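Examining the three-dimensional arrangement
Spelled out, the chains give:
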Amino acid sequence: MTLIPNTTTPAALRAPLIGAAVLGALAVLNGVAARLAERRHPPQGRFVEVDGVRLHYTDRGTGKPVVLIHGNVVSAQDWDTSGVAPLLLDSGHRVIAFDRPGFGHSDRPRGRLWTAAAQADLLHRALPQIGIERPVVVGHSWGAIVALALAARHQADTAGVVLLSGYYFWTLRPDVLPVTLGALPVVGDILRYTVSPLLGRLLMPLVKRGMFSPLPVPARFRKDYSDAMALRPSQIRATSDDGALMIPGAVQLQGELDGLRLPTVILAGAADKVVFSDMAERLHAALPSSVLHIVQGAGHMVHYAVPRQVAGIVAAVARTGTVPGVTAKAA
């Protein structure tokens, strides 16, 4: 009797093999999508290498320098889309906007803990390489933590700091846990190359509405913002890392605020649901020489709500070192 070997795959193995094949296909598709996104949105500026990190930045205009640091989810282009960068250029400033590590076209090497302080030190070392001395540093959201750390740690090299919608003191945040999964070794890598981009596309409309609420998402943001760039596996890792490091970054800042003597202006949207405006009020209380602006009717993206006021405040800090504490209203 001839024995015929059983060539069928046992049922117990079939499901894992199918799952692995699906994940592999998703990884290939997401990799292709990332490369296509980068072709459609090529770098618009220059590159500088600092401590082995390749940073992308734009450098335009002449006059007193202003350095713009963007928040999470977006890139340096956000300052152009909001209108703040063009307004500063029109008012006679040299405007430098960096893609933070892992965002836009900047690298984010592994093996480093990219805290706000680490990012601040990296940008500080980049400035003399591109010929920038004592700029006014402006940061929004996560970028505000970086801007504040840069100002506190390098006061002699900074002319002033303007902070928008920043998270400065640690609080319990339920939104941290989901993004932390993407920052975990191995697990995070699998997620960001497979299911995270798909989930991101489903959730992106809610994320955008939350960022701008109570105002609508501006048409210029819908036109300029690239979901595909934000949902590349590389940028998902940066977003996840920053989310996981937000609370430790705020804790680390507390020991560095006491000696801050630079001209400091703090802005926040009164209706911000991402970082409540009382965070700005607490920072203002901790820095008695600072000036506080609570923008009525604005949410987290306060620089979109009142771009002219933001640009005017930055220009005033560059020119005089302070501005009157007036209340602004969103348009």
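It should be noted that the structure appears before, not after, this text.
The structure reproduced in this document is the subject of the present report. (Residues numbered from 1 in each chain as written. Predicted model: local features only at pLDDT ≥ 70, side-chain atom pairs only at ≥ 80, totals over all residues. Heavy atoms only, no water.)

1. Details of the overall build of the protein chain
Heads up, the rule is: What counts as a helix is a DSSP run of H or I of at least four residues, what counts as a strand is a run of E of at least two, and both are numbered from the N terminus. Each radius of gyration is computed over the set of C-alpha atoms, and the globule rule expresses the reference value as 2.2 Å times the number of residues to the power 0.38. Note on contacts: a residue pair qualifies if any of its non-hydrogen atoms lie within 4.5 Å across the two residues. Surface accessibility in these figures is a Shrake-Rupley result with a 1.4 Å probe; residues are shielded only by whichever protein chains are displayed. Charged-residue counts in this description rest on Lys and Arg as positive and Asp and Glu as negative, His and the chain ends being excluded. Here the site of a charge means atom NZ of a Lys, CZ of an Arg, CG of an Asp or CD of a Glu.
The number of helices and strands found in the protein chain is 14 helices and 8 strands. Rg of the C-alpha trace for the protein chain: 22 Å, near the compact-globule value of 20 Å for 331 residues, within the 12% margin. Dimensions along the principal axes, computed over C-alpha positions, put the protein chain at roughly 100 × 40 × 40 Å. Within the protein chain, counting contacts between residues at least 6 apart in sequence, those at least 24 apart form 79% of the total. Summing over all exposed atoms, the protein chain offers an accessible surface of approximately 15300 Å²; the carbon and sulfur share of this is 62%. With 32 positive and 23 negative side-chain charges, the protein chain shows a spacing of 6 Å between the two charge centroids.

2. Side note on the layout of surface pockets
What counts, and what does not: Cavities and pockets are defined on a 1 Å grid built over the protein atoms alone: a cavity is a set of grid points where a 1.4 Å probe fits but cannot escape, while a pocket is an open set with protein on both sides within 12 Å along at least five of seven lines, and lining residues are those with an atom within 4 Å of any such point. Grid points are joined across faces, edges and corners, and a volume is the space filled by probe spheres set on the points. Following the grouping adopted for this structure description, the nonpolar residues are Ala, Val, Leu, Ile, Met, Phe, Trp, Tyr, Cys and Pro, the charged ones are Asp, Glu, Lys and Arg, and the polar ones are all others, Gly among them.
Looking at the largest pocket, its volume works out to about 1400 Å³. Forming the boundary of the largest pocket are 46 residues, of which V73, D175, V179, V207 and T239 lie nearest the centre. Secondary structure elements with two or more residues in the lining of the largest pocket: α6 (176–181), α8 (196–212), α11 (233–254) and α12 (278–286). Per-element tally for the lining of the largest pocket: the top contributor is α8, with 9 residues. Tallied by class, the residues present in the lining of the largest pocket amount to 26 nonpolar, 15 polar and 5 charged.

3. Here we look at the sheet that holds strand β8 (residues 291–295)
Keep this limit in mind: By the convention used here, strands pair only if DSSP detects at least 2 bridges between them. Lines are fitted to the C-alpha atoms to define the axes, a helix being fitted only along its stretch in contact, and any angle between axes, read from their N-to-C directions, falls within 0 to 180 degrees.
Here 8 strands make up an open sheet; going across it, the order is β1-β2-β4-β3-β5-β6-β7-β8 and the pairing mixed. Each having just a single partner strand, β1 (46–50) and β8 make up the two edges of the open sheet. For this sheet, the mean inter-axis angle between neighbouring strands, taken without regard to orientation, is 20°. In this fold helix α5 (residues 142–153) packs onto β3 (64–69), β5 (136–140) and β6 (160–164), with an angle of close to 150° to the strand it touches most, β5. Running at roughly 165° to β6, helix α14 (residues 307–320) makes contact with β3, β4 (93–98), β5, β6, β7 (264–269) and β8 of the sheet.

4. Describing empty space enclosed by the protein
Empty space left among the atoms is revealed by rolling a probe the size of a water molecule over them. Applying the stated criterion across every chain yields a total of 2 cavities of 30 Å³ or more. The wall of the largest cavity is formed by S165, G166, Y168, I266, L267, A268, D272, V275, F276, S277, M279 and A280. At the level of secondary structure, the elements contributing two or more residues to the lining of the largest cavity comprise β7 and α12. Looking at side-chain class alone, the lining of the largest cavity contains 8 nonpolar, 3 polar and 1 charged residues. Roughly 30 Å³ of volume is contained in the second largest cavity.

5. Re a nonpolar patch on the surface
The line we're drawing: Residues with no salt bridge and a relative accessible area higher than 30% make up the patches, which join like charges within 9 Å and nonpolar side chains (Val, Leu, Ile, Met, Phe, Trp, Tyr) within 5 Å. For this analysis, a salt bridge means a side-chain nitrogen from Lys or Arg found within 4 Å of a carboxyl oxygen belonging to Asp or Glu.
Among the surface-exposed residues, L181, L184, V186, V187 and I190 lie close enough to one another that they form a single nonpolar patch of about 420 Å² accessible area. Along the chain, V187 falls in helix α7 (residues 187–193).

6. What about the packing of α5 against α11?
Helices that pack against each other are described as a pair by the angle of their axes relative to one another and the distance between those axes. To keep things clear, this is the line we draw: In this scheme the crossing of two helices becomes right-handed for a clockwise turn of the near helix relative to the far one and left-handed for an anticlockwise turn of less than a right angle.
It is the contact of α5 with α11, at a shortest axis distance of 11 Å, that shows an interaxial angle of 35°. Judged by the twist between their axes, the crossing of α5 over α11 is left-handed. Along the contact surface, α5 presents W142, I145, L148, A149 and R153, while α11 presents D242, G243, L245, M246, Q252 and L253. Of the residues in the contact of α5 with α11, the class split is 7 nonpolar, 2 polar and 2 charged.

7. Some details on the packing of aromatic side chains
The condition is simple: For this analysis, a ring pair means two rings from Phe, Tyr or Trp (six-membered ring only for Trp) whose centres lie within 6.5 Å, classed as stacked if their planes differ by under 30 degrees, edge-to-face if by over 60, and tilted for the remaining angles. Using a 1.4 Å probe on the protein chains alone, a residue whose accessible area is under 20% of its type maximum counts as buried, one over 50% counts as exposed, and one in between counts as partly exposed.
For the structure on display, the rule yields 5 aromatic pairs. Between the aromatic rings of F212 and Y304, the centroid separation amounts to 5.1 Å while the plane-to-plane angle is 80°, which identifies the pairing as edge-to-face. Note that F212 is positioned in helix α8 and Y304 in helix α13 (residues 302–305), a separation of 92 residues in sequence. The pair formed by F212 and Y304 is uniform in burial state, with each residue classed as buried. Ring centres of F221 and Y304 lie 5.8 Å apart, and the angle between their planes is 80°; on these two criteria the pair is classed as edge-to-face.

8. With respect to the packing of helix α4 (residues 116–129) against α5
Between α4 and α5, the shortest axis-to-axis distance is 8 Å and the interhelical angle comes to 65°. Of the two possible hands of crossing, α4 and α5 adopt the one that is right-handed. Counting all contacts with α4, which are made through A116, A117, Q119, A120, D121, L123 and H124, the residues of α5 involved are W142, I145, V146, A149, L150 and R153. For the contact of α4 with α5, the residue count by class is 9 nonpolar, 2 polar and 2 charged.

9. Quick notes on the side chain of T158
Relative to the assigned elements, T158 resides in the loop between α5 and β6. If sequence neighbours within four positions are ignored, T158 has contacts with R134, P135, V137, L150, A151 and L262.

10. Brief notes about unusual backbone geometry
A cis amide bond links S213 to the next residue, P214, at an omega of 10°. Locating P214 in the fold gives a position in the loop between α8 and α9 (219–224). If you check the backbone angles, D51 has positive phi at about 50° while not being a glycine. By the element assignment, D51 lies in the loop between β1 and β2 (53–60). Backbone geometry places R134, a non-glycine residue, at a positive phi of 45°. Mapping R134 onto the fold places it in the loop between α4 and β5.

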